[in-house]
Amino acid sequence: MHDWLMNLPFSDPESSCRVVEVSFKQGSRKEYYRNPTLQYFEKGEYVTVEGVSGFDVGEVSLTGELVRMQLKKRQIDEFSPEMKKILRKSTERDIESFEISKGREKEILARSRTIARSLNLQMKLSEVEIQADGKKGTFFYTADDRVDFREMIKIFASDFKIKVEMRQIGIRQEAAKLGGIGSCGRELCCSTWLNDFKSVNTTAARYQNLSINQTKLSGQCGRLKCCLNYELDTYLDALQQFPDYADTLDTAMGTAHLIKKDIFKNLMWYVLPNNTKHYPLTIDRVKEIKRLNKQGQRVDELQAVEIVSNKQKEAEPAFVELVGQISLKTLEKNDRRRRDQQRNNQRGQQGNAPQGRNQPNQGPNRSPQQGGQNQGGGQNQGQGPRRPQQNNPNAPRGPRGPQPNRPNRPVQPNNGPANRPNNGNNSRPENGPKPE
């Protein structure tokens, strides 16, 4: 709670509240202690207070006149003699002992859960709080039924060497101690400002026209959200203007059923059988139809109200968002085209790979396929890479660059004989006899 009276002077300082609110374990537990001295404690300071057969260290969370308002809210007597006192401002020795005790909490919590599981106790240990002097430990747990933990307390006392106190809490109190972020994006109400937990049921969601979805209506504790009660009174006051027993209306087109009440526009939405269209009606029109139905008359038309949006059409931005225009089919086509292109490039590289370069003429042992390649392509074996067969028109052809160690020459057509340079070999026509 924010101390908004902190910087305001008071005319009578003697009448100020002598009680200080102290929080423990980062605000998971708050207690009220009397300040018997005239020393003023500021918010955030560590103070040493009375404990169970020892002392404890806590943080000052609220002082001044607002503490008196909190006492009235919690129905605590300000001048009660049973209220514990603040001993002193925490010293370095107190804070050192406090940090040592807090460092043991995680280890004790893990060990205590193991012991409870070994004893087959139907309970869940949610938090352990060790006193600053290390003489007492409070174990907070949740359980559906009563649990006999007498044997477990004996094991705790012998293993941890502390005085054990078991305190049962509800699931909402457990969520308040653990804390977290709600679906609204803010810290949980139960861990910040909510003190009392009122019962919440699904009737509150129905009055507010919310869908009965257990996942959306439940909080982190697994129960219905406490915020369902915040606006419930406003909805109940607004729903008093709507007519009762108006769930159905008799018309010539059939029986219209009520599906929603809009308290902001004072409209009631109906739907006709075998029709998906929704008809918004005013409250006066619904009362008139109900009056005619009581007289045994059926209306021909519902006379629905035309809903006009008050939102102005926003100007389209200058840029074009291309991300939303890409469909899955377009992406699949691009992937298929890319794969085909890679496959064609691989085939072209295999076709241009050197085969039999600088090899001697093998004579009659060559296969007919090799002979056809030499005849059709006009390229002797041993002078460079062979050209792929021309019988397959769909076969890919790689780019033909300049051949090493010889001048470039134009490609001769295949439809007739062509004279070749000698180059040291016997020239012959394309379709002539093959020398042995």
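Residues numbered from 1 in each chain as written. Predicted model: local features only at pLDDT ≥ 70, side-chain atom pairs only at ≥ 80, totals over all residues. Heavy atoms only, no water.

What the protein contains, in helices and strands, is eleven helices and twelve strands. Buried positions account for 32% of the 436 residues belonging to the protein. Put simply, 56% of the contacts in the protein that link residues at least 6 apart link residues at least 24 apart. Accessible surface, the protein: about 30,900 Å² in total, of which carbon and sulfur atoms supply 48%. (Helix = DSSP H or I, 4+ residues; strand = E, 2+ residues; numbered from the N terminus. Buried < 20%, exposed > 50% of the residue type's maximum accessible area, 1.4 Å probe, protein only. Contact = heavy atoms within 4.5 Å. Areas by Shrake-Rupley, 256 points an atom, 1.4 Å probe, with all protein chains shown as cover.)

So, about the pairing of strand β7 (residues 136-142). For β7, a buried count of seven out of seven residues is recorded, marking the element as mostly surrounded by other parts of the structure. The sheet contact formed by strand β6 (residues 124-130) and β7 spans six bridges and is antiparallel. Note on β7: the bridge partner recorded for V128 is F139. A crossover links β7 with its parallel partner strand β8 (residues 163-168), the connecting element being helix α4 (residues 150-160), and its sense is right-handed. (Pairing = 2+ DSSP bridges. Right-handed = clockwise from strand over helix to strand, strands pointing away.)

With antiparallel pairing, the four strands of this open sheet are ordered in space as β9-β10-β11-β12. The open sheet has two edge strands with one neighbour each: β9 (248-251) and β12 (278-282). Averaged over all neighbouring strand pairs, the angle between strand axes comes to 35°, with direction disregarded. Judged from the four bridges that link them, β9 and strand β10 (residues 254-262) form a sheet pairing that is antiparallel. Directly across from T251, in β10, lies its bridge partner G254. Running at roughly 95° to β12, helix α9 (residues 283-294) makes contact with β9, β11 (267-271) and β12 of the sheet. (Axes fitted to C-alpha atoms, helices over the stretch in contact; angles between N-to-C directions.)

Burial within β6 is extensive, with six of its seven residues counted as buried. Linking two consecutive strands that pair antiparallel, namely β6 and β7, is a turn of five residues; a positive phi of about 75° is found at G134 within it.

With that settled, the discussion passes to the pattern of salt bridges. By the definition in use, this model includes 17 salt bridges. With a shortest N-O distance of 2.5 Å, E105 and K25 are connected by a salt bridge. Taken as a pair, E105 in helix α3 (residues 105-118) and K25 in the loop between β1 (19-24) and β2 (29-34) lie far apart in primary sequence, 80 residues in all. E105 gets classed as buried once you look at its relative accessible area, which sits at 7%. (Salt bridge = Lys/Arg side-chain N within 4 Å of Asp/Glu carboxyl O.)

Formed by 20 residues in total, the largest nonpolar core has its most connected members in M123, L125, F139, M152, F156 and M166. Residue assignment for this core shows that the elements contributing at least two residues are α3, β6, β7, α4 and β8. Sorting elements by how many residues they give to this core places α3 first, with four residues. With sequence-adjacent residues up to four places away left out, L125 is seen in contact with L109, S112, R113, A116, F139, F140, Y141, F156 and M166. Ranked by size, the runner-up nonpolar core spans 18 residues in total, among them L239, F242, L249 and I289. (Core = buried A, V, L, I, M, F, W, Y, C linked by side-chain atoms within 4.5 Å.)

Let us now look at helix α5 (residues 171-178). For α5, the set of buried residues is R172, E174, A175, A176 and K177. Contacts from the buried residues of α5 go to β2, β6 and β7. Of the residues one or two after α5, G179 is the one with positive phi, at around 75°.

Right, let's get into the packing of aromatic side chains. Here the structure, examined in full by the defined rule, presents eight aromatic pairs. Both rings, one in F139 and one in F156, keep their centres 4.9 Å apart while their planes meet at 20°; by these two values the pair is stacked. Of the two residues, F139 sits in strand β7 while F156 sits in helix α4, which places them 17 residues apart along the sequence. Residue F156 is classed as buried on the basis of its relative accessible area of 0%. (Phe/Tyr/Trp six-rings, centres within 6.5 Å; stacked < 30°, edge-to-face > 60°.)

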